[in-house]
Amino acid sequence: SQLAEENSWALSVHEGESVTVNCSYKTSITALQWYRQKSGKGPAQLILIRSNEREKRNGRLRATLDTSSQSSSLSITATRCEDTAVYFCATGGSNNRIFFGDGTQLVVKP
Amino acid sequence: NAGVIQTPRHKVTGKGQEATLWCEPISGHSAVFWYRQTIVQGLEFLTYFRNQAPIDDSGMPKERFSAQMPNQSHSTLKIQSTQPQDSAVYLCASSLGPGTTNTEVFFGKGTRLTVV
């Protein structure tokens, strides 16, 4: 079953623009993670936001968490071509599994 | 820190042959995970070791898949009698602590297995 799910299959922006990827999840969580996967690489964790946090930043990245609506967002400001990747949200399950959404493909055009 | 190292990066096997995939976790990490990634299924959990002990293998297809961690520096995923549906990218990951939901998890680049 899909415990975490991004709300868009694909997004496209031009360099310098801002973009937001949204995610919804189905269970109570202790933390939610955002990952980025570039072509030919494994996923790389971008931000881990705990259930008692509402917002977390990492450079040009900002994640929000709304436990009441079971949703999260990842915003990227001043996008660059190298931000082109698939972005996943992920939540934890039993026995420390991580359940990933299907991912949102972000394309940043020059 | 070279990160999580997976070898080989690409492997092609004939249907019915055996495939062994290797993973070297980050030194000092106590948790090691294996995931499988396909276009259709996305990222699927396979198995999890903590301090070399198998903790959860509920994602492993039971009959042909096995995973071991004989020492803290490497883990193997073995697939016997490979089938075309086993074609996927197999990802290994490690984390410092046991709780992946609250700790940073590092993934390797993966092994792309193609069964022909």
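Look a little higher up for the structure.
Residues numbered from 1 in each chain as written. Chains lettered and ligands numbered in written order. Predicted model: local features only at pLDDT ≥ 70, side-chain atom pairs only at ≥ 80, totals over all residues. Heavy atoms only, no water.

Student: Which parts of the structure should I look at to understand the packing of aromatic side chains?
Tutor: The geometry of an aromatic ring pair is captured by two quantities: the separation of the ring centres and the angle between the planes. Following the criterion strictly, the structure yields nine aromatic pairs over all chains and no others. Pairing F88 of chain A with F100 of chain A gives two aromatic rings, centres 5.9 Å apart and planes at 85°, and the pair type is edge-to-face. Within this pair, whereas F88 of chain A is found in strand β9 (residues 85-92), its partner F100 of chain A is found in strand β10 (residues 98-100), the two being separated by 12 residues in sequence. A residue is classified by how much of its surface remains accessible, and F100 of chain A, at 5% relative accessible area, is buried. Ring geometry for F33 of chain B versus Y48 of chain B: centroids 4.5 Å apart, planes at 5°, classification stacked. Linking F33 of chain B in strand β4 (residues 31-38) with Y48 of chain B in strand β5 (residues 42-50), this pair joins segments that are 15 residues apart in sequence. Classification of F33 of chain B as buried rests on a relative accessible area of 1%. A relative accessible area of 0% places Y48 of chain B in the buried class. (Phe/Tyr/Trp six-rings, centres within 6.5 Å; stacked < 30°, edge-to-face > 60°. Helix = DSSP H or I, 4+ residues; strand = E, 2+ residues; numbered from the N terminus. Buried < 20%, exposed > 50% of the residue type's maximum accessible area, 1.4 Å probe, protein only.)

Student: Looking at this model, I keep getting lost on the interface of chain B and chain A. Mind explaining?
Tutor: The accessible area lost on association of the parts is a frequent measure of interface size. Contacts between chain B and chain A engage 24 residues on the former and 21 residues on the latter. The junction of chain B with chain A conceals about 1800 Å² of combined surface from both sides, 47% of it contributed by carbon and sulfur atoms. One can count zero salt bridges joining chain B with chain A. Across the contact surface, chain B and chain A share four residue pairs in polar contact (both at pLDDT 80 or more). If you list the elements that add at least two residues to the side of chain B that touches chain A, you get β4, β5, β6 (53-56) and β10 (105-107) of chain B. Take the side of chain B that touches chain A: its biggest share by element is four residues, from β5 of chain B. In terms of residue class, the side of chain B that touches chain A is built from 10 nonpolar, nine polar and five charged. (Contact = heavy atoms within 4.5 Å. Buried area = accessible area lost by both parts, 1.4 Å probe. Salt bridge = Lys/Arg side-chain N within 4 Å of Asp/Glu carboxyl O. Polar contact = N/O pair within 3.5 Å; in protein donor to acceptor, adjacent residues only side chain to side chain. Nonpolar A, V, L, I, M, F, W, Y, C, P; charged D, E, K, R; others polar.)

Student: Explain a positive patch on the surface to me, please; I cannot follow it from the model alone.
Tutor: Side chains of K38 and K41 of chain A together with R9 and K109 of chain B sit close together on the surface and give a patch of like positive charge. Inspection of the secondary structure puts K41 of chain A in the loop between β4 (31-37) and β5 (44-50). Residue K41 of chain A is classed as partly exposed on the basis of its relative accessible area of 40%. (Patch = residues over 30% accessible without salt bridge, like charges linked within 9 Å, V, L, I, M, F, W, Y side chains within 5 Å. Areas by Shrake-Rupley, 256 points an atom, 1.4 Å probe, with all protein chains shown as cover. Lys, Arg positive; Asp, Glu negative; His and termini not counted. Charge placed at Lys NZ, Arg CZ, Asp CG, Glu CD.)

Student: Quick question: what am I supposed to make of the layout of surface pockets here?
Tutor: Unfilled space is identified by rolling a water-sized probe across the atoms. By volume, the largest pocket is sized at about 720 Å³. Forming the walls of the largest pocket are 31 residues, and the residues nearest its centre are Q37 of chain A together with Q37, T38, I39 and R112 of chain B. Going through the elements one at a time, β9 and β11 (104-109) of chain A together with β4, β9 (88-95) and β11 (111-115) of chain B are the ones with two or more residues in the lining of the largest pocket. Partitioning the lining of the largest pocket into residue classes produces 10 nonpolar, 15 polar and six charged. In this model, the second largest pocket occupies a volume close to 390 Å³. (1 Å grid on protein atoms, 1.4 Å probe; cavity = no way out; pocket = protein on both sides within 12 Å on 5 of 7 lines; lining within 4 Å. Points joined across faces, edges and corners; volume = space filled by probe spheres on them.)

Student: It is not clear to me how unusual backbone geometry should be interpreted in this structure. Could you clarify?
Tutor: Leave glycine aside and you will find that most residues have negative phi; peptide bonds, for their part, are mostly trans. The peptide bond linking T7 of chain B to P8 of chain B adopts the cis configuration, its omega dihedral lying at -10°. Mapped onto the fold, P8 of chain B is located in the loop between β1 (5-7) and β2 (10-13). With a phi angle near 50°, Q70 of chain A is a residue other than glycine that sits in the positive phi range. Its place among the elements puts Q70 of chain A in the loop between β7 (61-66) and β8 (71-76). With a phi close to 50°, N51 of chain B is a non-glycine residue in the positive phi region. Inspection of the secondary structure puts N51 of chain B in the loop between β5 and β6. Under the relative-accessibility criterion, N51 of chain B is labelled exposed at 57%.

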